[in-house]
Amino acid sequence: MITLGAMKLADVAWCAGLFDGEGSISVWRDNGRRELHPPMLRMVMTNRAAVERVQLILRAGTLTHRPARGHRLGASVWQLSARAETSRVLRELRPFLIV
């Protein structure tokens, strides 16, 4: 059973839908070593308000903002790589994820 605490079910479902479309999960090793790094969750979007809302709802991760350059729009990046927090967030999103 999922314990959502103060989060609303609809907000978590919204985050999962956004993550399905815009997010990524990465797992990698350092130079072929056996030890894996913790999984990293990441979402990059030009809609700053949406990325800020994800961080607020999930109560985890860091936000950075990349300025516009040339023909590229500015982007907001939400990233999470702390092992315990990554596990918690994935457990909360999983019932709503499609991919």
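In what follows, the accompanying structure is described. Fair warning: this is a prediction, and the values are worked out from it, not measured in the lab.

## Details of the overall build of the protein chain
Counting secondary structure elements, the protein chain contains three helices and four strands. Each principal axis of the C-alpha distribution contributes one length, and for the protein chain these read about 50 × 40 × 20 Å. At a minimum sequence separation of 6, the contacts of the protein chain that also span at least 24 residues come to 57%. Roughly 6800 Å² of accessible area belongs to the protein chain as shown, and the carbon and sulfur atoms make up 54% of that amount. If the 15 positive side-chain charges of the protein chain are averaged to one point and the 8 negative ones to another, these points end up 4 Å apart.

## Observations regarding helix α1 (residues 9-22)
The terminal C-alpha atoms of α1 lie 20 Å apart, and with 14 residues this matches the ideal 20 Å at 1.5 Å per residue to within 8%. Considered for burial, the residues of α1 that qualify are Val-12, Cys-15, Ala-16, Leu-18 and Phe-19. For α1, the angular spread of the buried residues around the axis is 165°, confining them to a single face. Seen from the buried face of α1, the exposed residues on the opposite side, beyond 90 degrees, are Leu-9, Ala-10 and Gly-21. Buried-residue contacts for α1 involve β1 (23-26), β2 (40-45), α2 (48-58), β4 (75-80) and α3 (83-93).

## As for the pairing of β2
When β1 meets β2, the two strands line up antiparallel, connected through four bridges. Bridge pairing links Gly-23 to Met-43 in β2. With five bridges joining them, β2 and β4 adopt antiparallel strand pairing. The residue bridging Met-45 from the neighbouring strand is Ser-76, located in β4.

## Some details on a nonpolar patch on the surface
A contiguous nonpolar surface patch, about 260 Å² in accessible area, is contributed by Ile-25, Val-27 and Leu-36. Using a relative accessible area of 40% as the deciding quantity, one classes Leu-36 as partly exposed.

## Remarks on the pairing of β4
Burial within β4 is extensive, with five of its six residues counted as buried. With five bridges joining them, strand β3 (residues 62-66) and β4 adopt antiparallel strand pairing. From the neighbouring strand, His-65 faces β4, where its bridge partner is Ser-76.

## Considering the layout of surface pockets
Here the largest pocket defines a volume of roughly 180 Å³. Considering the residues around the largest pocket, the lining is formed by Arg-66, Pro-67, Arg-69, Arg-72, Leu-73 and Ala-75.

Calculation criteria
Residues numbered from 1 in each chain as written. Predicted model: local features only at pLDDT ≥ 70, side-chain atom pairs only at ≥ 80, totals over all residues. Heavy atoms only, no water. Helix = DSSP H or I, 4+ residues; strand = E, 2+ residues; numbered from the N terminus. Contact = heavy atoms within 4.5 Å. Areas by Shrake-Rupley, 256 points an atom, 1.4 Å probe, with all protein chains shown as cover. Lys, Arg positive; Asp, Glu negative; His and termini not counted. Charge placed at Lys NZ, Arg CZ, Asp CG, Glu CD. Expected span 1.5 Å × (residues − 1). Buried < 20%, exposed > 50% of the residue type's maximum accessible area, 1.4 Å probe, protein only. Arc of directions from axis to C-beta. Pairing = 2+ DSSP bridges. Patch = residues over 30% accessible without salt bridge, like charges linked within 9 Å, V, L, I, M, F, W, Y side chains within 5 Å. Salt bridge = Lys/Arg side-chain N within 4 Å of Asp/Glu carboxyl O. 1 Å grid on protein atoms, 1.4 Å probe; cavity = no way out; pocket = protein on both sides within 12 Å on 5 of 7 lines; lining within 4 Å. Points joined across faces, edges and corners; volume = space filled by probe spheres on them.

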